[in-house]
Amino acid sequence: MLQPASAVALGLFDGVHIGHRAVLAAAVACQADGLTPAAFTMQTTSVRIKRGEPLRYLYPDDTKQQLLTAAGIQTVVSPPFPEIAAMDGETFCQVYLHDQMHAKKLFCGRDFRFGNRAAWGVADLAAFGETFGFTVELIDAVEQDGAVISSSRIRQLLLDGKIQQANRLLGAPYQISGIIQHGAALGRTIQFPTINLSFAPEQLVPLYGVYRAKVYLKNGSVWNGVTNIGTKPTVSNACIPVAETHLLGFQGDLYGQFCRIELLDFLRKEQKFSGLDELKAAIADNIRTVQAACKQ
């Protein structure tokens with residue numbers, strides 16, 4: 001069966017932020033020309049270094065896939081980085097863009113690089129297009145607050161606990177998703193039961209602290225929540241961070257179920273309290289803050 005021709009957005013798309021969405025939207029608009037909107041990216045978890053720096057990615061690949069689909073992309077080609085790392089630019093264009101994706105139109109940012117050691121740029125891409133039958137359109141970077149929106153800028157905002165600013169650049173609340181895991185069940189003993197989600201090994205972890213959250217469960221219900229990101233120093237010596245969330249007003253067992261948590265506001269940094277009574281008082285205060293915010 002002949003594969004349909006496609007309009008391809010090119011990029012790593014970590015976070016699928018507003019700038020990325022401009023590139024994706026250009027590909028999606030080509031449906032009017034009979035082209036399938038597609039994206040070529042890479043398995044984010046396979047990219048260890050970007051522009052000479054270790055990459056702490058925003059979202060794991062399953063979340064990125066969901067966001068690309070929500071943006072209107074119908075086909076995603078996402079090989080692991082080692083599979084393409086040694087390719088020269090021409091081979092990359094032939095194997096992926098021409099042979100596999102049947103690209104007729106390409107969209108990317110002006111700083112897009114490809115091929116072994118990122119030795120090829122957008123001028124080379126356009127030249128290869130004359131051989132392989134595709135055109136290249138460059139999408140200008142999107143700015144907000146006087147600076148270009150970038151994944152690295154969003155990472156720094158998250159590390160600083162500036163969740164509202166990060167969310168504006170993402171174009172949607174920062175999210176943590178996955179299967180709810182068993183924890184130490186301490187929350188139940190202090191009257192604040194929680195659900196626990198883990199971060200992937202190389203994933204960026206936002207500033208340790210307490211956040212106002214919105215929780216989306218598999219059954220479609222939505223709950224207000226208080227999320228603590230960190231290592232729970234008052235009650236644990238663990239060094240691996242988790243996202244631990246108390247759902248306001250919820251009763252029930254959610255272990256083993258999928259959920260998505262969106263972070264909305266930063267309330268305070270994580271801290272070690274003198275004991276459980278002080279911890280309980282702090283959690284109760286956080287809950288009152290969230291309840292007041294939800295009434296506004």
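This text follows the structure it describes.
Residues numbered from 1 in each chain as written. Predicted model: local features only at pLDDT ≥ 70, side-chain atom pairs only at ≥ 80, totals over all residues. Heavy atoms only, no water.

**Q** Teacher, can you tell me more about empty space enclosed by the protein here?
**A** Over the atoms rolls a probe the size of a water molecule, and in doing so it shows where empty space is left. As enumerated under the stated definition, the model contains two cavities of 30 Å³ or more in all. Quantified by volume, the second largest cavity comes out at close to 40 Å³. Residue composition of the lining of the second largest cavity, grouped by class: five nonpolar, two polar and one charged. (1 Å grid on protein atoms, 1.4 Å probe; cavity = no way out; pocket = protein on both sides within 12 Å on 5 of 7 lines; lining within 4 Å. Points joined across faces, edges and corners; volume = space filled by probe spheres on them. Nonpolar A, V, L, I, M, F, W, Y, C, P; charged D, E, K, R; others polar.)

**Q** How should I be thinking about unusual backbone geometry in this particular structure?
**A** As a rule of thumb, non-glycine residues mostly have phi less than zero, and peptide bonds are mostly trans rather than cis. A positive phi is found at His102, a non-glycine position, where the angle reads about 50°. Considering the arrangement of structural elements, one finds His102 in the loop between helix H4 (89–100) and strand E6 (103–109). Of note in the backbone geometry, Asp145 takes a positive phi value of approximately 55° without being a glycine. With respect to the secondary-structure elements, Asp145 resides in the loop between strand E8 (143–144) and strand E9 (147–148). Here Asp145 falls in the exposed class, since its relative accessible area comes to 63%. (Helix = DSSP H or I, 4+ residues; strand = E, 2+ residues; numbered from the N terminus. Buried < 20%, exposed > 50% of the residue type's maximum accessible area, 1.4 Å probe, protein only.)

**Q** Help me understand the pairing of strand E13 (residues 222–230) in this model?
**A** Two faces, one strand: in a regular strand the side chains alternate between the faces of the sheet. Bridging between strand E12 (residues 209–217) and E13 involves eight bridges; their strand directions are antiparallel. Within the sheet, the bridge partner assigned to Lys214 lies in E13 and is Asn224. Hairpin geometry of E12 and E13 is characterised by an intervening segment of four residues between the two adjacent antiparallel strands and by a positive phi of about 95° at Gly220. Of the pairings in the sheet, the one linking E13 to strand E14 (residues 242–247) comprises six bridges and is antiparallel in character. Of the residues in E14, the one forming a bridge with Asn228 is Glu244. (Pairing = 2+ DSSP bridges.)

**Q** So what exactly am I meant to see when it comes to the sheet that holds strand E7 (residues 135–139) here?
**A** Sheet strands pair by backbone hydrogen bonding; their relative direction is either parallel or antiparallel. In space, the five strands of this open sheet follow the order E5-E2-E1-E6-E7, with parallel pairing throughout. In the strand order of this sheet, the two ends are held by strand E5 (75–77) and E7, each with one partner. Between one strand and the next, the sheet's axes are offset by a mean angle of 25°, whatever the strand orientation. Pairing between strand E1 (residues 6–10) and strand E2 (residues 36–40): five bridges, direction parallel. (Axes fitted to C-alpha atoms, helices over the stretch in contact; angles between N-to-C directions.)

**Q** For this particular structure, what's the right way to read the sheet that holds strand E15 (residues 258–269)?
**A** Taken in spatial order, the six strands line up as E10-E15-E12-E13-E14-E11 in an open sheet, and their pairing is antiparallel. Here the strands that pair on one side only, and so sit at the sheet edges, are strand E10 (175–179) and strand E11 (195–198). Within this sheet the neighbouring strands show an average axis-to-axis angle of 35°, counted without direction. Bridging between E10 and E15 involves five bridges; their strand directions are antiparallel. In the strand pairing of E15, Ile179 is matched with Phe258.

**Q** Honestly, the packing of aromatic side chains in this entry has me stumped. Any pointers?
**A** Any pair of aromatic rings gets described here by the distance separating the centres and the angle formed by the planes. What the rule picks out here adds up to nine aromatic pairs. Between Tyr59 and Tyr174, the aromatic rings sit 5.6 Å apart at their centres with planes inclined by 20°, giving stacked as the arrangement. Of this pair, Tyr59 sits in the loop between strand E4 (53–54) and helix H2 (61–70) while Tyr174 is found in the loop between helix H7 (163–170) and E10, placing the two residues 115 residues apart along the sequence. Clustering of aromatic rings is evident, with ring pairs tying together Phe40, Phe92, Tyr96, Phe112, Phe114 and Phe128. Over the ring of Tyr216 we find Arg260, and its NZ or CZ is 4.1 Å from the ring centre. (Phe/Tyr/Trp six-rings, centres within 6.5 Å; stacked < 30°, edge-to-face > 60°. Lys NZ or Arg CZ within 6 Å of the ring centre and 35° of its normal.)

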